[in-house]
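Here's the letter readout for the chains.
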Amino acid sequence: MYKNLAVAEGRVEDLNKFRPAFRTALYKARVNVIGRYLSGLLMVKEMPDSTIRLLFSSEMGLKFFDFEFGKHGLFKVHYVIREMNREPVIRTLRKDFELVMIRPGNEDRLTVKSDSAGLYYIFPNDKGYYTYLTTRDGSKLRSMHRASKKRVIAEALMYQQIPGQPDSISIRHTTFTMDIRLNKIKNEK
Amino acid sequence: MRKLFILLPSLALYLLSSAQHPGFTLVNDHTEFQKAISETAAKTNTITSDFAQEKNLSMLSEKIKSKGKFWFKKENRIRMEYLSPFQYIMVINKDRVTIRDGQKTNSMSVSSNRLFQQVNKIIIDCVQGSALNNTDFKTRVFGNSNNYLIEMKPISKSLKNLFESIVITLDKKDNSVSSINMIEKSGDNTFIRFTGKQMNTNIADEVFIIH
């Protein structure tokens, strides 16, 4: 997939400044999938044990899913509504969120490459790669990819005014019609 | 001694009921309650109110708070408009549900989906006070000096997957709905409180149409 790129210098730690440090964040979520539209609220919370919980519910409170992401690729489904309780659906959501949380796993197998546009931080996984594209000086995160061995499967963009606190996140799939858009909202305390 | 054995189960049931809804006692005879609700429903043509919603995520120790406005008009027309911290509108107009989220509007027939029908009926029953007649639930009524409390426990598997129970409180002053609490098995719940209620004001039909 990235064979034609030149090898470059880089470390996993270079991505630390982009990694979302959620603590607690609430997003308005909009999902278009195969002609269907779903909206709701996504609560993201870092728990005391450093696991991250993602809870997606409708605006009226109906829960769609509650996922837990731990270190070293640990993943747990606390709840998923019957209509979404399908392995391909859960797997897609899991991988999409692992991508944007910048928890790619296999950090010891990182390869860094470059082209004229910037740097590619490439983490292999069982069926492809999680790749993070930065500017040449490493100061900005251009985009994030989930890729198979041959092509990009999903592309994610993240906008953060304050590093580590994403204001908006978008994920667009290329092999089927699905896109997810998250916009941060202020949760009244 | 025999009297004690007869009394004990009743006492246990009374204590259990009270424990589930502190400050309320079980109403065994629904006649007076049903009469009050029916009379109110007959003379209530419209309701407008503000609402405040709180979704409690017990495991995360977090609450998601939102606010909006609510309209009801006979028969079976409801508009729930969320104003903060996001904009979202849900309109039930007889047998159609229309949702506007930002720029996007989706409309569907209530009858297109059995679960959707059931949830729609719950909303209408909650507002119209006809919850006792909903055969998808096992219902109990509790009361105190100021309020009625209707506890609805789902019977069907599909609804059981969504709710452990739904608890509606009615203000005895006018038998209007004060709050709805949708409780999930996980311990999470969604609590909606209605305030500033106005009955039988004029509401244009256009309020229940999203173009």
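Residues numbered from 1 in each chain as written. Chains lettered and ligands numbered in written order. Predicted model: local features only at pLDDT ≥ 70, side-chain atom pairs only at ≥ 80, totals over all residues.

**So, the overall build of chain A**
Working step 1: Summing up its helical and strand segments, chain A has 1 helix and 13 strands in all.
Working step 2: Shown N-terminal to C-terminal, the secondary structure of chain A runs as helices and strands in the order β-β-β-β-β-β-α-β-β-β-β-β-β-β.
Working step 3: Its C-alpha radius of gyration of 16 Å places chain A within 12% of the 16 Å reference for a compact globule of 189 residues.
Working step 4: Across the 189 residues of chain A, 31% fall into the buried class. (Helix = DSSP H or I, 4+ residues; strand = E, 2+ residues; numbered from the N terminus. Rg over C-alpha atoms; globule rule 2.2 N^0.38 Å. Buried ≥ 20, exposed ≤ 12 C-beta atoms within 10 Å, placed from the backbone.)

**Focus on helix H1 (residues 87-100) of chain A**
Residue and element names in this part refer to chain A.
Working step 1: Under the 1.5 Å per step criterion, the end-to-end length of H1 is 20 Å for 14 residues, consistent within 8% with the ideal 20 Å.
Working step 2: Of all the residues in H1, the buried ones are Thr92, Leu93, Asp96, Phe97, Leu99 and Val100. Mapping the buried residues of H1 onto a view down its axis gives an arc of 155°, with all of them on the same face. Opposite its buried face, H1 presents the exposed residues Glu87 and Arg91, each directed more than 90 degrees away.
Working step 3: Within two residues after H1, Ile102 carries a phi angle of roughly 55°, on the positive side. (Expected span 1.5 Å × (residues − 1). Arc of directions from axis to C-beta.)

**Points about the confidence of the model for chain B**
Working step 1: Here chain B shows a mean pLDDT of 86. Residues at 70 or above account for 90%.
Working step 2: As scored by the predictor, the complex reaches a pTM of 0.88 and an ipTM of 0.86. (pLDDT = per-residue confidence, 0-100.)

**Looking at the interface of chain A and chain B**
Working step 1: Between chain A and chain B, the contact holds 23 residues from the first and 22 residues from the second.
Working step 2: Elements with a contribution of two residues or more to the side of chain A that touches chain B: strand E2 (24-33), strand E3 (36-46) and strand E4 (52-57) of chain A.
Working step 3: Here the side of chain A that touches chain B takes 5 residues from E3 of chain A, the largest share from any one element.
Working step 4: Residue classes in the side of chain A that touches chain B are distributed as 9 nonpolar, 5 polar and 9 charged. (Contact = placed C-beta atoms within 7 Å. Nonpolar A, V, L, I, M, F, W, Y, C, P; charged D, E, K, R; others polar.)

**Here we look at the environment of Leu83 of chain B**
Working step 1: Here Leu83 of chain B shows up in strand E4 (residues 77-84).
Working step 2: Here Leu83 of chain B is in contact with Lys67, Gly68 and Lys69 of chain B, once residues within four sequence places are set aside.

**Thoughts on the environment of Ala6 of chain A**
All names here are of chain A.
Working step 1: Tracing the backbone through its elements, the reader meets Ala6 in strand E1 (residues 6-7).
Working step 2: Along the backbone, Ala6 and Ser143 are 137 residues apart, and their C-alpha atoms lie at a distance of 19 Å.
Working step 3: Filtering out sequence-adjacent residues up to four positions away, Ala6 remains in contact with Lys113 and Ser114.

**Quick notes on unusual backbone geometry**
Working step 1: A cis amide bond links Lys74 of chain B with the next residue in sequence, Glu75 of chain B, at an omega value of -10°.
Working step 2: Along the polypeptide, Glu75 of chain B turns up in the loop between strand E3 (62-73) and E4.
Working step 3: Of note, the amide linkage connecting Ser84 of chain B to Pro85 of chain B takes the cis form, showing an omega dihedral of 0°.
Working step 4: With phi around 40°, Ile34 of chain A is a residue other than glycine that occupies positive phi space.
Working step 5: Tracing the sequence through the fold places Ile34 of chain A in the loop between E2 and E3.
Working step 6: In this model, Ser61 of chain B sits at a positive phi of 50°, which is unusual for a non-glycine residue.
Working step 7: Note on placement: Ser61 of chain B falls in the loop between strand E2 (46-57) and E3.
Working step 8: For Ser61 of chain B, a count of 11 C-beta atoms within 10 Å puts it in the exposed group.

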